[in-house]
Amino acid sequence: MNVLIFDSNEKLNEAGANIITSLIQTNPRAVLGLATGGTPVGVYEQVVKDYDRGLVSFKSVKTFNLDEYVGLPEDHPESYHSYMNHHLFRHIDLPAKNVHIPNGNAEDLEAECRSYDERIADAGQIDLQLLGLGHNGHIGFNEPAHALIRGTHIVDLAEETLKANARFFDSIDDVPKQALTMGVGTILKAKMILLIVRGADKAEIVHRALTGPITTDVPASLLQTHPHLVVLLDQEAGRLMA
Ligand code: F6R
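Residues numbered from 1 in each chain as written. Predicted model: local features only at pLDDT ≥ 70, side-chain atom pairs only at ≥ 80, totals over all residues.

**What to know about the pairing of strand β8 (residues 178–181)**
Thought 1: Pairing geometry for strand β4 (residues 67–69) and β8, over 3 bridges, is antiparallel. Considered in β8, the bridge of tyrosine 69 is made with alanine 179.
Thought 2: The pairing of strand β7 (residues 153–156) with β8 spans 4 bridges and is classified as antiparallel. If you follow isoleucine 154 over to β8, its bridge partner there is leucine 180. (Pairing = 2+ DSSP bridges. Helix = DSSP H or I, 4+ residues; strand = E, 2+ residues; numbered from the N terminus.)

Structure (structure tokens):
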């Protein structure tokens, strides 16, 4: 595991974008696993700058997002479809057919989960999986539990997750209660994992996840077992790691 701590958001964003850009420069057909939420916004901004400078093309890249809310219309401003279009996809030359996000409005959600796993398998291995970290240690929407699920599945979001994500909605009651998420088995199968965490409120969970016992109570602790894990932290999130 390589843990890097940055004293400015700008440097962290540049480091994150560099990892993504240089992967695609060396492997133009890379398969990316992508995350949403507040954490990667600045990294995506920097990736778009790299694209604008002609450093990288996404013409042959494939992307698979970690998750999507159940029952939120795709064109709702807080859907992860809208998020990805807004922050990344509409700014770059990634073909729409290469974009994959679970469909939280599918009539048969179980079938959608199976089909998502098949699409990931058809693309071969995910080369780089980008992750943020929930306050409760979730990755994707794999919430703390007695047992974790390997593949894509429907999940009831934890109270803590609903509270954290309420900031994006008018009220907590508007946050969808369920989501589809990639499973931890799929996440851990990625060749490389890039975990990014920001903010003092995540210092303790970062420390527990990366140095504490490996337990399904802290799903991110399973990342300790991954052979190619890179962690980018701002100073606040890295306070207990230095
Ligand atoms: C997002 C995702 C979540 C977030 C996590 C942190 O696709 O899967 O695990 O990465 O909830 O969210 P932020 O970045 O908003 O603090």
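**A closer look at the nonpolar core**
The nonpolar side chains of a soluble globular protein tend to be buried, and buried together.
Thought 1: If you look at the biggest cluster of nonpolar residues, it comprises 63 residues, and the most contacted ones within it are Leu131, Leu133, Leu195, Val206 and Ala209.
Thought 2: Residue contributions to this core peak at 5 residues, all from strand β9 (residues 192–197).
Thought 3: Leaving out residues up to four positions away in the same chain, leucine 131 has contacts with Ala35, Ile139, Ile193, Leu194 and Leu195. (Core = buried A, V, L, I, M, F, W, Y, C linked by C-beta atoms within 7 Å. Buried ≥ 20, exposed ≤ 12 C-beta atoms within 10 Å, placed from the backbone. Contact = placed C-beta atoms within 7 Å.)

**Thoughts on the sheet that holds strand β3 (residues 62–65)**
Thought 1: Spatially, the 7 strands line up as an open sheet ordered β1-β10-β9-β6-β2-β3-β5, and their pairing is parallel. At either margin of the open sheet sits one strand with a lone partner, and together these are β1 (2–6) and β5 (99–100).
Thought 2: Pairing analysis gives 5 bridges linking β1 to strand β10 (residues 229–234), with the strands arranged parallel. Residue asparagine 2 lies in a different strand from β10, and its bridge partner there is valine 230.

**Considering the site of the ligand**
Thought 1: Taken together, 14 residues form the shell around the ligand, and within it Thr36, Gly37, Gly38, Thr39 and Gly132 come nearest.
Thought 2: Tallied by class, residues from the shell around the ligand come to 5 nonpolar, 8 polar and 1 charged. (Near = placed C-beta within 6 Å. Nonpolar A, V, L, I, M, F, W, Y, C, P; charged D, E, K, R; others polar.)

**So, the UniProt feature "active site" (unreviewed entry) in the protein chain**
Thought 1: Using the residue numbers shown here, the UniProt feature "active site" (unreviewed entry) corresponds to Asp67, Asn136, His138 and Glu143.
Thought 2: For asparagine 136, a count of 17 C-beta atoms within 10 Å gives the class partly exposed.
Thought 3: Once residues within four sequence positions are removed from consideration, asparagine 136 is found in contact with Glu143, Pro144, Ala158, Glu160 and Thr161.
Thought 4: Note on placement: histidine 138 falls in the loop between β6 (128–131) and β7. (UniProt positions renumbered as here; feature names shortened; annotations may be inferred.)

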